[in-house]
Amino acid sequence: MRLTKEDIESVAHLSRLELSEEEKDKLTGHINKLLENFEKLQELDTTDVEPTSHVIPVANVFREDVVCPSLSIEDVVANGPQVTDNCFVVPRVVET
Amino acid sequence: MAQELYQLTCHELHDLLKSKKVSAREIVQSFIDRISAVEDKVKAFVTVTPEIALEQAAAVDEAIAKGEEIDPLAGIPGAIKDNMSTRGVLTTCSSKILYNYKPVYDCTVVERLKDQSYVMIGKTNLDEFAMGSSTENSGFFTTHNPWNLETVPGGSSGGSAAAVAADECAFALGSDTGGSIRQPASFCGVVGMKPTYGRVSRYGLVAFASSLDQIGPITKDVTDCAIVMNAICGKDPRDSTSLDVPVPDFTKSLVADVKGIRIGIPKEFFAQGTDPDVENAVRNAIDVLIKLGADAKEISMPSVDYGLAVYYIIAPAECSSNLARYDGVRYGLRSKDARDVISMFRQTREEGFGAEVKQRIMIGTYALSAGYYDAYYLKAQKVRTLLRRDFEKAFEECDVLISPTSPTVAFKIGERADDPFAMKLADVCTIPVNLAGTPGISIPCGYKNGLPIGLQIMAKGLDEETLIRVAYTFEQNTDYHLRKPSL
């Protein structure tokens, strides 16, 4: 399974990365090298082996729905690159 | 006093404070002066916070003057890895994408240190978002190993380990996803512990790979490790993966006795690429413990050979999801070239992330994408189960496992930068422990060409007490931890 430059471009879009041509070439090589290394895992028989997503038995944690102190709106937007009236400003999303 | 204040351990400084031989202000000033003297060479800090430190020290001195009892870390200068949120103080993850980010809350571990009135001396450099083994992936600069400025300090918590080794702080916090506390502790000749997954709250730790990340101490000796562990461990309602189990007083495990301790020596941890001098130092260390009454035997953990491959699927998969939040909307960098919202995301991430981070996001996104999920991610999770079983089996017949922390001593800056696989081999002995979720500690056990060698001790989940006991016993019977780099 070898990735082409086109595959890299489609993964880059899924990843929301605008890669330069040079980066695409470099990443194609690097990722293919890593994928080759991952092939090693196919040596192992894992039929009937349960996957581990977390090492501790975690389930949903519930609590009572009570109001607690939370961040002020000023704090929430304090780091925004562009803020107006306590809202984050972004380029237009809906088409006119 | 023969020694400078900045050279002392937390517990030595605490004794001086308690007996009123020095003030917290004098301690903090000593570290501030030390940072001024050596930081140009070491470059351990992204941000130094002398004003905050002096203010916190004044409060401690006031409490002492009033005759109040002080906690073990009161007035003690600590450094915090720059991926842990500190209210009002830059928290960059050494990434351009967070170059101006000032959190509006403290992470839980910092809250807990503040409860003890610790003193924050600064925020330390790391590989961007903790992805790397040398700090060469920092978006800002590379930290230098205090033992030899031409070599790397290890990573990703290289700034924290170098700051402790260079006496720029009394202790530091690091985070460990695949070895990022233990491996730099090994390269810098200090003590570093990754606690059991869930022992320490991750609330406010900027997430890299959530099923693997764990915060832990980097200190000058094992006693300080126990003291910092006492401060940071415990259930936190804001991190649902933090464990609701009793936290022992880890200082009670500072007992120099290993009689009857069963040591396992897993042969897979001494595999290809291990420097013979590193292996010798580790085997000598095991002999020291045997002479003190421990038993040791060789064991085999065959799944360990697959650790790197499993890690380099699972960690990028989790990171690709965790780093989706950096989009230029709510904090950090926003590209000025945006035409529309999608190009804003893409340009911001292109400009803000470094090469290693982009590569891992790409691998993770690919491994999770439709059609490849079963072959990569699911397979890796299943092999992770096999690896956990190997650890469980080993701990049925052994109390601790011992290996090198890293196959070599610190390497030269630039030497492995272009070979991603050689770089990753530095973590081959530490990664399996994160995958199993068990605790591990690295302590100094020798030197090669003036560079420290690290001994990794591993125990079963929640048995940090045995780790501390074995590490303390070794430390009390050797003097590797007493050496200092000359800067």
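Each value, and the rule that gives it
- Residues numbered from 1 in each chain as written.
- Chains lettered and ligands numbered in written order.
- Predicted model: local features only at pLDDT ≥ 70, side-chain atom pairs only at ≥ 80, totals over all residues.
- Helix = DSSP H or I, 4+ residues; strand = E, 2+ residues; numbered from the N terminus.
- Rg over C-alpha atoms; globule rule 2.2 N^0.38 Å.
- Buried ≥ 20, exposed ≤ 12 C-beta atoms within 10 Å, placed from the backbone.
- Contact = placed C-beta atoms within 7 Å.
- Pairing = 2+ DSSP bridges.
- Nonpolar A, V, L, I, M, F, W, Y, C, P; charged D, E, K, R; others polar.

1. Examining the overall build of chain B
- Across its full length, chain B carries 15 helices and 11 strands.
- Scaling as 2.2 N^0.38, a compact globule of 487 residues should have a C-alpha radius of gyration of about 23 Å, and chain B matches this with 21 Å.
- The principal-axis extents of the C-alpha atoms in chain B amount to approximately 65 × 55 × 45 Å.
- Split into buried and exposed, the 487 residues of chain B put 62% on the buried side.
- Partitioning the intrachain contacts of chain B with sequence separation of at least 6 by distance along the chain shows that 76% fall at a separation of at least 24.

2. Quick notes on the pairing of strand 9 (residues 400-404) of chain B
Residues and elements named next belong to chain B.
- Buried residues dominate strand 9, accounting for five of its five residues.
- Here two bridges tie strand 7 (residues 262-266) to strand 9, and the two strands are oriented parallel to one another. Residue Gly 264 lies in a different strand from strand 9, and its bridge partner there is Leu 401.
- Pairing of strand 9 with strand 11 (residues 451-459) involves five bridges; the strand directions are antiparallel. Looking at the pairing, Ile 402 lines up with Ile 457 of strand 11.

3. A word on the environment of Glu 415 of chain B
All names here are of chain B.
- Relative to the helices and strands, Glu 415 is located in the loop between strand 9 and helix 13 (420-425).
- Given 15 C-beta atoms within a 10 Å radius, Glu 415 is considered partly exposed.
- Linking Glu 415 and Thr 151, residues 264 residues apart in sequence, is a C-alpha distance of 9.1 Å.

4. Re the interface of chain B and chain A
- With 50 residues of chain B in contact, the opposing surface of chain A contributes 39 residues.
- Residue contributions to the side of chain B that touches chain A peak at 11 residues, all from helix 12 (residues 374-397) of chain B.
- Split by residue class, the side of chain B that touches chain A holds 25 nonpolar, 13 polar and 12 charged.

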